[in-house]
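# Architecture at a glance
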Amino acid sequence: MESPQRRKSGLNLPAGMNETSLRLETFTGSSSSFRSISISSPRMISSLSSPSSSKSSSCSDRFIPCRSSSRLHTFGLIEKKSPAKEGGNETYSRLLKSELFGPDFGSFSPAGGQGSPMSPNKNMLRFKTEHYGPNSPYSPSILGQDNGFSSEASTPPKPPRKVPKTPHKVLDAPSLQDDFYLNLVDWSSQNVLAVGLGTCVYLWTASNSKVTKLCDLGPNDSVCAVQWTKEGSYISIGTNLGQVQVWDGTQCKRVRTMGGHQTRTGVLAWNSRTLSSGSRDRNILQHDLRVSSDYVSKLVGHKSEVCGLKWSHDDRELASGGNDNQLLVWNQHSQQPIHKLTEHTAAVKAIAWSPHQSNLLASGGGTADRCIRFWNTTNGHQLNNIDTGSQVCNLSWSKNVNEIVSTHGYSQNQIMLWKYPSLAKVATLTGHSLRVLYLATSPDGQTIVTGAGDETLRFWNVFPSVKTQTPVRDTGLWSLGRTYIR
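These remarks concern the structure in this document. (Residues numbered from 1 in each chain as written. Predicted model: local features only at pLDDT ≥ 70, side-chain atom pairs only at ≥ 80, totals over all residues. Heavy atoms only, no water.)

## Here's the deal with the sheet that holds strand E6 (residues 200–205)
Spatially, the four strands line up as an open sheet ordered E4-E5-E6-E7, and their pairing is antiparallel. Of all strands in the sheet, those bounded by a partner on one side alone are strand E4 (185–187) and strand E7 (210–216). Across this sheet, the average inter-strand angle for adjacent strands is 20 degrees, counted without regard to direction. Sheet topology places E6 next to E7; six bridges connect them, and they run antiparallel. Note that in E7 the partner of Thr 205 across the bridge is Lys 210. (Pairing = 2+ DSSP bridges. Helix = DSSP H or I, 4+ residues; strand = E, 2+ residues; numbered from the N terminus. Axes fitted to C-alpha atoms, helices over the stretch in contact; angles between N-to-C directions.)

Now the structure itself:
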């Protein structure tokens, strides 16, 4: 039987409990913190019931107050000591309230004032940007960057690529000349290495280490330059007497001999249809094997020996470097250079066009310069440069990654690998005892071969493979020992 007091209030209360026993209790657990808000006034209790609640023993138990006018401190939301909290996780409770109600919640004064919850302009669910502390689970230092989630922040940085510090193969190359202005090593697209040794040219097949003697120029002449065509079937040879010879590399047969230079031809460069040759006579000759004349045009611009020559990958531009410290850029049809780049202070032999970006040209200077410079050949502007500390003898871009390798002479005789465009140094390789004057890259783009006046050719694995490309099948056939190329 219901007591008169319980019937008057309209609430179903357990036996032995009345309205005056209802009070606020704060519970703190090990994993969560919450409050049970009870109402201690009989008048407030009766206000929850509808007019018909006096006739019924059930009523709604939900009451949603207006937060702008609620006196939250009367419900005990201010932190205070309680015997029930002894042994609880108070640190977690403070952290949870700080995240739910803001970092200033614990500083509210129950007496009111500007920072009191009684103030109607201090809405609990106000819209603002919260600034979390470094120890907060929502701190930007934990979630990532301040401006949101970042894939770079969530992904650990890749470890630096390891480059072997020693060559995996060494070939003896007797009579390999120690001459900065010559170009005596080239690697064909058919995986055949050509080397000029004295008066002879030798071919070394990488797949089986077979050595073939291509030609012997005789006692009155010597080899000054070798260069394969892009298809790798024919090879051109520049001689000390100024001739340019073209040989069939598969049949070891001479196809053509062309004159025109007055003295040694130290550098050669093929494009799809034209063979360009540079000489000590300061001229560049354009040869076309489809016509009977020795050359079809002459490019005059250098004031000293031409020692660097490279066609761009699209065959539109030709870059030439000379002992006059000039880097000249020519187009297909012009008889005058479209750009004269004179920032180098020493001979420019090292020239390389980027396979990743059109109109990007790299060049290296000799002992007095020591710099690698990068150019935009569209407008002739220098994009970047770096002082390597020693003579730059050769440059070659990787076709697999955006990196460039340089070989050096005085005074460290090293090989250096650089990232582009950051120019961060990836590796420094040493092993040659004299200037590293010659450089060529394997057709798969992973291996380079370097030659020096110490009469050795050294093979280095410096570049990664293309992700969609299988490893080179003939790499495992190479001996780790030291052999002779002739």
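## Concerning the sheet that holds strand E21 (residues 360–365)
As summarised here, the arrangement of the four strands in space is E20-E21-E22-E23, forming an open sheet in which the pairing is antiparallel. Every interior strand has two partners, whereas the edge strands, strand E20 (348–353) and strand E23 (381–387), have only one. Pairs of neighbouring strands in the sheet enclose a mean axial angle of 20 degrees, with direction left out of account. Here strand E22 (residues 371–376) pairs with E23 via six bridges, running antiparallel. Looking at E23, one finds that Phe 374 is bridged to Asn 384.

## Let's talk about the pairing of E6
Most of E6 sits inside the fold, with six of its six residues counted as buried. Burial of the side chains of E6 extends over both faces: Cys 200, Tyr 202 and Trp 204 are buried on one face and Val 201, Leu 203 and Thr 205 on the other. Relative to E6, strand E5 (residues 192–197) runs antiparallel, the two sharing six bridges. Bridging across to E6, Ala 194 finds its partner in Leu 203. (Buried < 20%, exposed > 50% of the residue type's maximum accessible area, 1.4 Å probe, protein only.)

## Some details on the pattern of salt bridges
Summed over all chains, the structure comprises eleven salt bridges. The salt bridge involving Arg 264 is made with Glu 305; its shortest N-O contact spans 3.0 Å. On the criterion of sequence distance, the pair formed by Arg 264 in the loop between strand E11 (253–258) and strand E12 (265–270) and Glu 305 in the loop between strand E15 (297–300) and strand E16 (306–311) is long-range, its members being 41 residues apart. We note that Arg 264, like Glu 305, is buried. It is possible to trace a salt-bridge network through shared partners that takes in Asp 179, Arg 264, Arg 280 and Glu 305. (Salt bridge = Lys/Arg side-chain N within 4 Å of Asp/Glu carboxyl O.)

## Considerations on the packing of aromatic side chains
Across all of its chains, the model carries six aromatic pairs by this definition. Between Phe 180 and Tyr 181, the aromatic rings sit 5.3 Å apart at their centres with planes inclined by 90 degrees, giving edge-to-face as the arrangement. A centroid spacing of 4.8 Å and a plane angle of 40 degrees characterise the contact between Phe 374 and Tyr 420, whose relative ring orientation is tilted. Of this pair, Phe 374 sits in strand E22 while Tyr 420 sits in the loop between strand E26 (415–419) and strand E27 (425–429); the two residues are 46 residues apart in sequence, bridging distant segments of the chain. Look at Phe 374 and you get buried, because its relative accessible area is 1%. On the accessibility criterion, Tyr 420 (11% relative accessible area) is buried. Aromatic ring contacts, followed pair by pair, group Trp 187, Trp 204 and Phe 459 into a single cluster. The residue whose ring lies beneath Lys 349 is Phe 180, and the NZ or CZ to ring-centre distance is 5.5 Å. (Phe/Tyr/Trp six-rings, centres within 6.5 Å; stacked < 30°, edge-to-face > 60°. Lys NZ or Arg CZ within 6 Å of the ring centre and 35° of its normal.)

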